[in-house]
Amino acid sequence: PDWFKSAAEAYAKKQLDRDPLGSKDQATRAGLSLYLRIAARRLARLLPQNADPDRQSDLCDAIEAIARAEQYLDANVNVSLISQQLAATLARSLAA
């Protein structure tokens, strides 16, 4: 989750280098949204590779946490709070 936040900020910096009049917050949110979608797709691709039902359930929980983070992002929740929620959920889901 810390990676998501720093990657989104790096994305925003590049966007602002291209368009100095753009919004840093909007660019950060766009970057975070992009990286969350990529992560969810990657986790979804792991589902058929895991025969263990418990592991599949953990992956589904992680995907749902990412989807919830995207909903929070769309609802204009603070990016730091989104990252904290995502960190807590992913730690539980992917700890195994």
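In this report, the structure presented in the accompanying data block is examined. (Residues numbered from 1 in each chain as written. Predicted model: local features only at pLDDT ≥ 70, side-chain atom pairs only at ≥ 80, totals over all residues. Heavy atoms only, no water.)

**Thoughts on the overall build of the protein**
Then, number 1: From N to C terminus, the protein includes four helices and zero strands.
Then, number 2: The buried share of the protein, reckoned over its 96 residues, is 32%.
Then, number 3: In the protein, the proportion of contacts linking residues at least 24 apart, taken out of those at least 6 apart, comes to 55%.
Then, number 4: For the protein, the exposed surface amounts to about 6,100 Å²; the carbon and sulfur share of it is 53%.
Then, number 5: In the protein, which carries 13 positive and 12 negative side-chain charges, the distance between the mean positions of the two groups comes to 6 Å. (Helix = DSSP H or I, 4+ residues; strand = E, 2+ residues; numbered from the N terminus. Buried < 20%, exposed > 50% of the residue type's maximum accessible area, 1.4 Å probe, protein only. Contact = heavy atoms within 4.5 Å. Areas by Shrake-Rupley, 256 points an atom, 1.4 Å probe, with all protein chains shown as cover. Lys, Arg positive; Asp, Glu negative; His and termini not counted. Charge placed at Lys NZ, Arg CZ, Asp CG, Glu CD.)

**Remarks on the packing of helix α3 (residues 53-74) against helix α4 (residues 79-93)**
Then, number 1: Between α3 and α4, the shortest axis-to-axis distance is 9 Å and the interhelical angle comes to 175 degrees. As judged from the angle between their axes, α3 and α4 are roughly antiparallel. Note on element contacts: α4 touches α3 through Val79, Ile82, Gln85, Leu86, Thr89, Leu90 and Ser93, opposite Arg55, Asp58, Asp61, Ala62, Ala65, Ile66, Arg68, Ala69, Tyr72 and Leu73.
Then, number 2: Among the residues making up the contact of α3 with α4, the classes are represented as 10 nonpolar, three polar and four charged. (Axes fitted to C-alpha atoms, helices over the stretch in contact; angles between N-to-C directions. Parallel < 35°, antiparallel > 145°, perpendicular 65-115°, else oblique. Nonpolar A, V, L, I, M, F, W, Y, C, P; charged D, E, K, R; others polar.)

**Comments concerning the environment of tyrosine 35**
Then, number 1: As for its placement among the helices and strands, tyrosine 35 is situated in helix α2 (residues 24-46).
Then, number 2: Note on tyrosine 35: relative accessible area 21%, which makes it partly exposed.
Then, number 3: Spatially, the C-alpha atom of tyrosine 35 lies 18 Å from that of serine 23, the residues being 12 residues apart in sequence.
Then, number 4: Once residues within four sequence positions are removed from consideration, tyrosine 35 is found in contact with Trp3, Phe4, Ala7, Ala8 and Tyr11.

**A word on α3**
For an α-helix, 3.6 residues make a turn, and residues three or four places apart therefore share a direction.
Then, number 1: With 22 residues, α3 should cover 32 Å at 1.5 Å per step; its first-to-last C-alpha distance of 31 Å lies within 8% of that length.
Then, number 2: Residues of α3 that are buried: Asp58, Leu59, Ala62, Ala65, Ile66, Ala69, Glu70 and Leu73. Buried positions in α3, seen along its axis, are confined to an arc of 140 degrees and lie on one side of it. Opposite the packed face of α3, turned more than 90 degrees from it, sit the exposed residues Pro53, Asp54, Gln71 and Asp74.
Then, number 3: Turning to α3, the residues buried within the fold contact α2 and α4. (Expected span 1.5 Å × (residues − 1). Arc of directions from axis to C-beta.)

**Observations concerning the pattern of salt bridges**
Then, number 1: This structure, assessed with the given rule, holds two salt bridges.
Then, number 2: Among the salt bridges present, the one from aspartate 17 reaches lysine 13, with a minimum N-O distance of 3.4 Å. One end of the pair is aspartate 17 and the other is lysine 13, both in helix α1 (residues 2-18) and four residues apart, which spans about a single turn.
Then, number 3: Take aspartate 17: its relative accessible area is 54%, and that puts it in the exposed class.
Then, number 4: Lysine 13 gets classed as exposed once you look at its relative accessible area, which sits at 52%.
Then, number 5: Residue arginine 29 pairs with aspartate 25 through a salt bridge whose shortest N-O separation is 3.2 Å. Note that arginine 29 and aspartate 25 are positioned in helix α2 at a spacing of four residues, about one turn of the helix.
Then, number 6: Judged by its relative accessible area of 13%, arginine 29 is buried. (Salt bridge = Lys/Arg side-chain N within 4 Å of Asp/Glu carboxyl O.)

Distances and angles like these do not, on their own, reveal function.
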